[in-house]
Amino acid sequence: MDIIVSIFRVLLPVVYAGLVFYFARTFFRSVSQVDRLKYAVPAAYFTLALHALYISAYTAQYHHDLVATVFELFSLIAFTLLAVYIFAELRHSHETSGTGFFVTAVCFLLQLVSSLAIGNSQAPETASILKDPIFNLHVTTSVFGYAALMLAAIYGGLYLLLFNAIRKNEFGAIFEHIPSLERLERYGLRATAFGFFFLTLSIALGAVLYTRIPLGVSTIQFLIDPKVLTTLLVWLVFGTTLLVRRVMH
């Protein structure tokens, strides 16, 4: 199993690099929509499936998810970011755009650092809590949630950038492959809904962990912990955003 994990660890950055190169071609070159879509969806799904196999093999080998060190988390974040991007934008293949270049470039860098750091270090000692499946699910769903909300923030930033450019009638080459305002809004809402769903799961699993693992603090002290409080505030803000959007439409 260790050999399989090592092969995946070396192979993943190469595959991500190929994905970045493909999306770079579609972003920096004027190609037709048909040419742009020809391999985007299968390539992204193939990379995601390969990464999922790596996570499964790693978990089977070391008996914990990619949550023990920051470099393991880098790989998990790369996986979740690509998964959210596929859900938000590539899920409907006719809507893909140049934003894939930015997303896959970040995924590539995260996985490259993770593969290099993990490959040159000993496997971390596994604390007992890291073997708890609920803890692993709690951290994984949390990463999914924050990755989705990060992508929603990217779409929001692109929306404001394009909106200001339209208002001032100032356009450049970079806007050629950026989605329209309507599509950016749709992508952002999908990413927000995805993030809110997984953050809700993470909070629920965290509550289960709190009841199972004695922390030696009261419920009030637990709730005002900066990490817990920040997560609850983010969850509330994005939940309110989705609710207001639904009511207004």
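Heads up: the structure comes first, above all this text.
S.K.: Help me get a handle on the packing of aromatic side chains, residues and values and all.
M.R.: Counted under the stated rule, the structure contains 14 aromatic pairs. Measuring from centroid to centroid gives 5.9 Å for phenylalanine 71 and phenylalanine 74, while their planes differ by 90°, and the two rings are edge-to-face. Here phenylalanine 71 and its partner phenylalanine 74 are both found in helix α4 (residues 70-90), three residues apart, which amounts to about one turn of the helix. Among the aromatic side chains, those forming a connected cluster through ring pairs are Phe79, Phe87, Phe144, Phe194, Phe197 and Phe198.

S.K.: Tell me about the nonpolar core, and name the residues and values.
M.R.: In terms of nonpolar packing, the biggest core is built from 58 residues, with Phe23, Tyr54 and Leu151 touching the most fellow members. Every element with two or more residues in this core is listed here: α1 (2-28), α3 (40-62), α4, α5 (99-119), α6 (133-168) and α7 (181-212). Excluding anything up to four places from it in sequence, tyrosine 54 contacts Val5, Phe8, Arg9, Leu12, Leu66, Ser75, Gln111 and Ile118.

S.K.: Give me the lowdown on the side chain of glutamine 111, citing residues and values where you can.
M.R.: Its place among the elements puts glutamine 111 in helix α5. Contacts of glutamine 111, omitting those with residues within four sequence positions, involve Leu12, Pro13, Tyr16, His51, Tyr54, Ser75 and Ala78.

S.K.: Can you break down α3 residue by residue, with the values?
M.R.: Helix length check: α3 (23 residues) gives 33 Å between terminal C-alpha atoms against 33 Å at 1.5 Å per residue, within 8%. Restricting attention to buried positions, one finds in α3 the residues Ala40, Val41, Ala44, Thr47, Leu48, Leu50, His51, Tyr54, Ile55, Ala57, Tyr58 and Tyr62.

S.K.: Tell me about the side chain of glutamate 89, and please be specific about residues and values.
M.R.: Here glutamate 89 lies in helix α4. Buried charged residue glutamate 89 carries no salt bridge. Nearest counter-charge: arginine 183, at 5.1 Å. Polar side-chain contacts of glutamate 89 include one of 2.5 Å to the side chain of tyrosine 155.

S.K.: I'd like a rundown of α6, residues and numbers included.
M.R.: Taking 1.5 Å per residue, 36 residues should reach 52 Å; α6 reaches 53 Å between its end C-alpha atoms and fits that length. Asparagine 169 occupies a position one or two residues after α6 and carries a positive phi of about 55°.

S.K.: Any details on the pattern of salt bridges? Residues and values, ideally.
M.R.: Taken as a whole, this structure holds one salt bridge when the rule is applied. The partner of arginine 186 in a salt bridge is glutamate 182, and the shortest N-O contact between them spans 3.9 Å. With arginine 186 and glutamate 182 both in helix α7 and four residues apart, the pair spans about one turn of that helix.

S.K.: Please give an account of the packing of α4 against α6 that cites residues and values.
M.R.: Between α4 and α6, whose axes approach to 8 Å, the crossing angle comes to 55°. Of the possible angle classes, the one that applies to α4 and α6 is oblique. α4 and α6 meet at a crossing whose hand is right-handed. Contacts between α4 and α6 involve Leu73, Leu76, Ile77, Phe79, Thr80, Leu81, Ala83, Val84, Tyr85, Ala88 and Glu89 from the former and Val139, Thr140, Val143, Phe144, Ala147, Ala148, Met150, Leu151 and Tyr155 from the latter. Among the residues forming the contact of α4 with α6, the class breakdown is 17 nonpolar, two polar and one charged.

S.K.: Which residues make up the environment of valine 84, and what values do they have?
M.R.: Mapping valine 84 onto the fold places it in helix α4. Sequence separation of valine 84 and alanine 147 is 63 residues, and the distance between their C-alpha atoms is 7.3 Å. Once you skip the residues sitting within four places of it in the chain, valine 84 turns out to touch Phe144, Ala148, Leu151, Ala191 and Phe194.

The rules we used
Residues numbered from 1 in each chain as written. Predicted model: local features only at pLDDT ≥ 70, side-chain atom pairs only at ≥ 80, totals over all residues. Heavy atoms only, no water. Phe/Tyr/Trp six-rings, centres within 6.5 Å; stacked < 30°, edge-to-face > 60°. Helix = DSSP H or I, 4+ residues; strand = E, 2+ residues; numbered from the N terminus. Core = buried A, V, L, I, M, F, W, Y, C linked by side-chain atoms within 4.5 Å. Buried < 20%, exposed > 50% of the residue type's maximum accessible area, 1.4 Å probe, protein only. Contact = heavy atoms within 4.5 Å. Expected span 1.5 Å × (residues − 1). Lys, Arg positive; Asp, Glu negative; His and termini not counted. Salt bridge = Lys/Arg side-chain N within 4 Å of Asp/Glu carboxyl O. Polar contact = N/O pair within 3.5 Å; in protein donor to acceptor, adjacent residues only side chain to side chain. Axes fitted to C-alpha atoms, helices over the stretch in contact; angles between N-to-C directions. Parallel < 35°, antiparallel > 145°, perpendicular 65-115°, else oblique. Left-handed = near helix turned anticlockwise from the far one by under 90°. Nonpolar A, V, L, I, M, F, W, Y, C, P; charged D, E, K, R; others polar.

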